[in-house]
Amino acid sequence: MNAEVYCQQLRRLKDAIAVKRPGLVIKVKLQHDKARPHTANLTQSTLDEFGWEVLPHPPYSPDLAPSDFHLFRAPSNDLKGTVFTSQDQLKEWVDQFFSLKPKQFFHQGIHKLPQRWEEVIRNEGCCYIVD
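In this report, we go over the structure that sits alongside the text.

Scoring rules and cut-offs
- Residues numbered from 1 in each chain as written.
- Predicted model: local features only at pLDDT ≥ 70, side-chain atom pairs only at ≥ 80, totals over all residues.
- Heavy atoms only, no water.
- Helix = DSSP H or I, 4+ residues; strand = E, 2+ residues; numbered from the N terminus.
- Buried < 20%, exposed > 50% of the residue type's maximum accessible area, 1.4 Å probe, protein only.
- Contact = heavy atoms within 4.5 Å.
- Areas by Shrake-Rupley, 256 points an atom, 1.4 Å probe, with all protein chains shown as cover.
- Axes fitted to C-alpha atoms, helices over the stretch in contact; angles between N-to-C directions.
- Parallel < 35°, antiparallel > 145°, perpendicular 65-115°, else oblique.
- Left-handed = near helix turned anticlockwise from the far one by under 90°.
- Nonpolar A, V, L, I, M, F, W, Y, C, P; charged D, E, K, R; others polar.
- Salt bridge = Lys/Arg side-chain N within 4 Å of Asp/Glu carboxyl O.
- 1 Å grid on protein atoms, 1.4 Å probe; cavity = no way out; pocket = protein on both sides within 12 Å on 5 of 7 lines; lining within 4 Å.
- Points joined across faces, edges and corners; volume = space filled by probe spheres on them.

**What to know about the overall build of the protein**
Okay, step 1: Scanning the protein from N- to C-terminus turns up eight helices and two strands.
Okay, step 2: Each of the 131 residues in the protein was classed as buried or not, and the buried ones make up 25%.
Okay, step 3: Expressed as a percentage of contacts within the protein between residues at least 6 apart in sequence, the contacts between residues at least 24 apart total 64%.
Okay, step 4: Taken as a whole, the protein presents about 9800 Å² of accessible surface, with 56% of it coming from carbon and sulfur.

Structure representation (structure tokens):
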């Protein structure tokens, strides 16, 4: 992934929000890590153009990012022993895995973030949180 691909994803997200919530002013807040695609000038200008806010992400805290902790931890058990012979096969598996998840799965991951943030504050920056 590079900044150009990430910005394309952001544009698709913006378009999807406009289709699903036409006429509403939606205040988007993102939380992502300091990976290059997220911090690149192109990404920053795209986020500024959209008026989207990026929440700070403490260093070395992968369990505070919903994509790292909640989303990517979920398929790990299902992947044990699985071998893919092509990138397309892997993509198909990932698409199917997440399309079968109920809305509540995604809802829970996002709504657990404040609890995780509080835990980090209580532990003075340490964040070994296990569900």
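**As for the packing of helix H1 (residues 3-20) against helix H3 (residues 41-50)**
Okay, step 1: Taken N-terminus to C-terminus, the directions of H1 and H3 make an angle of 15°; their axes are 9 Å apart at the nearest point. Relative to H3, the element H1 lies roughly parallel. Note that H1 runs across H3; the crossing there is right-handed. Contacts between H1 and H3 pair Ala3, Glu4, Tyr6, Cys7, Leu10, Arg11 and Lys14 from the former with Leu42, Thr43, Thr46, Leu47, Glu49 and Phe50 from the latter.
Okay, step 2: The residue inventory of the contact of H1 with H3, partitioned by class, reads seven nonpolar, two polar and four charged.

**Description of the pattern of salt bridges**
Okay, step 1: Going through the model one piece at a time under the given rule, you end up with two salt bridges.
Okay, step 2: With its nearest N and O atoms 3.4 Å apart, the salt bridge here joins Arg11 to Glu49. Here Glu49 lies in helix H3 and Arg11 lies in helix H1, a separation of 38 residues in the sequence.
Okay, step 3: In this structure Arg11 comes out as partly exposed when scored by relative accessible area, which is 35%.

**Notes on the layout of surface pockets**
Okay, step 1: By volume, the second largest pocket is sized at about 190 Å³.
Okay, step 2: Considering the residues around the second largest pocket, the lining is formed by Lys14, Asp15, Ile17, Ala18, Arg21, Leu24, Ile26, Val28, Phe50 and Trp52.
Okay, step 3: Among the elements that take part in the lining of the second largest pocket, H1 stands out by supplying four residues, more than any other.
Okay, step 4: Taken together, the residues of the lining of the second largest pocket break down into seven nonpolar, no polar and three charged.

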